[in-house]
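# Working through the structure, step by step
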Amino acid sequence: MTKALEYAPSGILGVLTPQANTTVEPEFGILLPPGTGMIAARLTSDRPTIDERLVDYVESMERSLDQFANVPLDAVAFACTGAAYLVDPAEEDRHLAKIETGRGYPVVTAANALCDALESLGARHIGIVSPYGDLLHENALEYWEKRGLIIVRAERIASDDAAFHPIYSLGGDASGRALEAIGTDGLEAIAMLGTGLPTLPAILRASAHPLPVVSPNLCLVWRSLLAIRGEVPTAEGLAPWVNGSAWSGRFRARIDP
């Protein structure tokens with residue numbers, strides 16, 4: 001860990017988030033414990049479609065990291081799940097390894113963090129809550145199956161195409177309704193996809209759910225903290241994040257002060 005900063009004695013996390021994402025920073029602000037700092041930078045692209053922008057976010061990651069200048073980062077969180085569905089995994093791994101070697105800090109991606117969480121839970125048969133359009137949804141299912149997961153059921157959230165963004169404009173109530181609709185039969189866990197989809201209210205309401213419910217932002221903060229501390233993922237360490245005890249107090253203070 002680098003020398004402690006005034007407001008980040010436990011480490012500082014750099015966060016890369018898509019340019020119009022309005023969910024990552026608020027959810028990270030709730031999830032990160034006191035003493036761990038966060039500094040965010042935007043993944044930007046002038047490509048005309050969402051799919052093209054997602055690929056560009058990975059290819060231009062080095063440039064995005066330059067926004068942090070010489071901040072003494074302890075880890076970086078790549079808060080964009082969708083990019084993993086469109087980039088060859090081997091190419092992404094090479095890209096991340098090069099960055100980690102050159103920059104001297106670990107880079108944790110949302111997709112890898114979610115995989116680590118499901119592996120820690122011993123969950124292979126999962127249900128998915130998907131906010132994606134048709135093409136990205138199909139790519140997502142294919143990606144998670146390649147990662148060894150069995151998608152038993154997928155519940156899609158209808159988006160508002162007239163809004164400023166089809167995913168980022170969705171509310172937490174949409175996550176909650178999808179979670180209720182997906183059921184539990186044959187499932188070992190439920191993953192709500194998309195770093196832009198607000199999920200914390202639904203996860204907190206599901207703390208008594210018979211199945212663990214996880215999301216990319218939840219897993220990404222959990223896994224990034226482990227990277228900062230040099231610790232390995234375990235089911236015991238993940239449990240307070242899934243049941244909300246690690247962050248519910250901060251959520252309630254922020255949402256209903």
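Residues numbered from 1 in each chain as written. Predicted model: local features only at pLDDT ≥ 70, side-chain atom pairs only at ≥ 80, totals over all residues. Heavy atoms only, no water.

Per-residue confidence for the protein gives a mean pLDDT of 89; residues scoring 70 or more make up 93%. When mean pLDDT is compared element by element in the protein, helix H9 (residues 216-229) scores highest at 98, while helix H7 (residues 172-182) scores lowest at 78. In this model, residues 162-166 is a region of pLDDT below 50 whose contacts with residues beyond four sequence positions or in other chains number 10 contacts. (pLDDT = per-residue confidence, 0-100. Helix = DSSP H or I, 4+ residues; strand = E, 2+ residues; numbered from the N terminus. Contact = heavy atoms within 4.5 Å.)

Here we take up the packing of H9 against helix H10 (residues 235-242). Where H9 contacts H10, the axes come no closer than 11 Å and their chain directions differ by 135°. Classified by the angle between their axes, H9 and H10 sit oblique to one another. As H9 packs across H10, the resulting crossing turns out to be right-handed. Residues Leu 218, Val 221, Trp 222 and Leu 225 of H9 touch H10, and the partners they reach there are Gly 237, Leu 238 and Trp 241. Partitioning the contact of H9 with H10 into residue classes produces 6 nonpolar, 1 polar and no charged. (Axes fitted to C-alpha atoms, helices over the stretch in contact; angles between N-to-C directions. Parallel < 35°, antiparallel > 145°, perpendicular 65-115°, else oblique. Left-handed = near helix turned anticlockwise from the far one by under 90°. Nonpolar A, V, L, I, M, F, W, Y, C, P; charged D, E, K, R; others polar.)

So, on to the pairing of strand E1 (residues 12-18). In regular strands, side chains alternate between the two faces of the sheet. With 7 of 7 residues buried, E1 lies mostly within the body of the structure. Burial along E1 is two-sided: the residues Ile 12, Gly 14, Leu 16 and Pro 18 and Leu 13, Val 15 and Thr 17 are all buried. Pairing analysis gives 7 bridges linking E1 to strand E2 (residues 37-43), with the strands arranged parallel. Within the sheet, the bridge partner assigned to Leu 13 lies in E2 and is Met 38. In this fold, the crossover linking E1 to E2 by way of helix H1 (residues 24-31) has right-handed handedness. (Buried < 20%, exposed > 50% of the residue type's maximum accessible area, 1.4 Å probe, protein only. Pairing = 2+ DSSP bridges. Right-handed = clockwise from strand over helix to strand, strands pointing away.)

As a packed pair, helix H5 (residues 110-121) and H9 sit with axes 8 Å apart at the nearest point and diverge in direction by 85°. With respect to each other, H5 and H9 are oriented roughly perpendicular. Contacts from Ala 110, Ala 113, Leu 114, Asp 116, Ala 117 and Ser 120 of H5 reach H9 at Pro 216, Cys 219, Leu 220, Trp 222 and Arg 223. For the contact of H5 with H9, a count of residues per class yields 8 nonpolar, 1 polar and 2 charged.

Across soluble globular proteins, nonpolar side chains have a tendency to be buried as a group. If you look at the biggest cluster of nonpolar residues, it comprises 86 residues, and the most contacted ones within it are Trp 144 and Trp 247. Element by element, the count of residues in this core is highest for H9, at 8 residues. Ignoring anything within four residues of it in the chain, the contact list for Trp 247 reads Ile 30, Leu 31, Leu 200, Ile 203, Leu 204, Leu 218, Pro 240 and Trp 241. (Core = buried A, V, L, I, M, F, W, Y, C linked by side-chain atoms within 4.5 Å.)

One pass over the full model with this rule turns up 5 aromatic pairs. A ring pair is formed by Tyr 85 and Trp 144, whose centres lie 6.1 Å apart and whose planes are at 70°; its orientation type is edge-to-face. You can see Tyr 85 sitting in the loop between strand E3 (75-78) and helix H4 (89-103) and its partner Trp 144 sitting in helix H6 (residues 134-146), a full 59 residues away along the chain. Considered together, Tyr 85 and Trp 144 belong to a single accessibility category, that of buried residues. (Phe/Tyr/Trp six-rings, centres within 6.5 Å; stacked < 30°, edge-to-face > 60°.)

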